[in-house]
Every structure is written in structure tokens, then in C-alpha cells.
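# Reading the structure
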Amino acid sequence: MPFLELETNLPAGRLPPGLAQELCAAAAAILGKPAERVNVTVRSGLPMVLAGSAEPCAQLLVSSIGVVGSAEQNQRHSARFFDVLTAQLGLGPERTPWELVELRCGVTMPNAGTGLFLKDCHPLLPTGALADRQEQNSHDVPVIP
């Protein structure tokens, strides 16, 4: 279940219509996850200073299980996310930092009461993540009722 959080000091009126949906579709394609599992939050009009300047900027946080984290994955994904951000926001690379975070442990559930337990790191994950996790390793993954 990938999470994308875009924060920007651009006012909402300067963002392209449907930006959250575009980011969702892009993340699904880039990360190889179904759009139904991608969660996107866009926060605009924030007071932000990047590298000492309050000029227009945006930062993107992408967190997911099993598809970010290695140098090879992050290099491939970051180039594609950069292309999306620059096309959508019209900001240069010096004004659009991003962070790719591998979710290992924690609670990520689509709704209360559905989740599963991974014995190698002990998080609760959405039931749909079971197939993703089983593709990556052969650990037994019991489902929590």
C-alpha cells in the first residue's frame, strides 16, 4: 500500500486540476502497484523554505512496502517521479526534493480490523499486501482475524 504525500507552498489555484489522481496513476505505474492500493495526499499553500528560499517549491514523500529502499529501486523510481513532478508543477529539480521510504514495520491498514502479521518485522499490513509480500520472500504470513 504505497503512500504519497506532496507538500507545496504553491497555492491550490496554481495546481493542475486532478493532481492527486494523476499522482495516484503515476505511482501505480512507477511502483507496479494497483491504483486501488495507492494513497495520495496533496497539501498546498504551506509556509515552506527550501535551501533558505521561500520561492515556489514542493517535496514528495513516497513510502511503500517492498518496492523502494534499495539504491537501484530508488534511482529508477526517483527519475520517474521527478518527471511527473516537473511536468505537473513546472518546478525545477532544485525546488522539488523527494524521499523514498521503505515501510518495514508499522500499521498500514485500509480500514479498521483488516490486516495481517509479518513475522519477520511484526507490522500489521492491509490484507491486499499479502500477495505483494509473498512475491518477495517465502516467509509464512498468517492473517489476523
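Residues numbered from 1 in each chain as written. Predicted model: local features only at pLDDT ≥ 70, side-chain atom pairs only at ≥ 80, totals over all residues. Heavy atoms only, no water.

## Examining unusual backbone geometry
Test applied: In this description a helix means any DSSP run of H or I spanning at least four residues, a strand means any run of E spanning at least two, and both kinds are numbered starting from the N terminus. Any residue under 20% of the maximum accessible area for its type is buried, any over 50% is exposed, and the rest in between are partly exposed; the area is computed with a 1.4 Å probe on protein chains only.
Of note in this structure, A51 is not a glycine but carries a positive phi near 55°. Here A51 lies in the loop between strand 2 (39-43) and strand 3 (58-64). Residue A51 is classed as exposed on the basis of its relative accessible area of 77%.

## Observations regarding the pattern of salt bridges
Here is the rule we go by: For this analysis, a salt bridge means a side-chain nitrogen from Lys or Arg found within 4 Å of a carboxyl oxygen belonging to Asp or Glu.
Going through the model one piece at a time under the given rule, you end up with 2 salt bridges. Here E5 and R43 are joined by a salt bridge, their closest N and O atoms 3.4 Å apart. Within this pair, whereas E5 is found in strand 1 (residues 3-8), its partner R43 is found in strand 2, the two being separated by 38 residues in sequence. On the basis of relative accessibility, which here comes to 33%, the residue R43 falls in the partly exposed class. Residues participating in the shared-partner salt-bridge network are E5, E7 and R43.

## Brief notes about the side chain of T96
Under the convention used in this document: Whenever two N or O atoms come within 3.5 Å, that pair is a polar contact, provided that in protein one can donate a hydrogen and the other can accept it, and provided that, for residues adjacent in sequence, both atoms are side-chain atoms. It only takes one pair of heavy atoms within 4.5 Å for two residues to be counted as in contact.
Position of T96 among the secondary structure elements: in the loop between helix 2 (71-89) and strand 4 (98-102). You can call T96 buried: its relative accessible area is 0%. Engagement of the side chain of T96 in a polar contact is seen with the backbone oxygen of G92, the distance being 3.1 Å. For T96, the contacting residues outside a window of four places in its chain are L50, A58, F82, L85 and L91.

## Quick look at the environment of L85
Within the secondary structure, L85 is located in helix 2. The class for L85 is buried, based on a relative accessible area of 2%. As for L85 and T96, which are separated by 11 residues in sequence, their C-alpha atoms are 7.5 Å apart. Apart from the residues lying within four places of it in its own chain, the contact partners of L85 are L6, L60, G90 and T96.

## Side note on the pairing of strand 1
For clarity, the cut-off: Being paired, for any two strands, means DSSP has found at least two bridges between them. A crossover gets the label right-handed when its path from the first strand over the helix to the second runs clockwise, viewed with the strands pointing away from the viewer.
Covered by surrounding structure in strand 1 are L4, L6 and T8 only, the residues F3, E5 and E7 on the alternate face being uncovered. Summarising the sheet, strand 1 and strand 2 pair through 5 bridges and their orientation is parallel. Bridging from a neighbouring strand, E7 pairs with R43 of strand 2. The parallel pair strand 1 and strand 2, bridged by helix 1 (residues 19-31), forms a crossover whose chirality is right-handed. Bridging between strand 1 and strand 3 involves 6 bridges; their strand directions are antiparallel. Residue pairing for strand 3: E7 is matched across the bridge by Q59.

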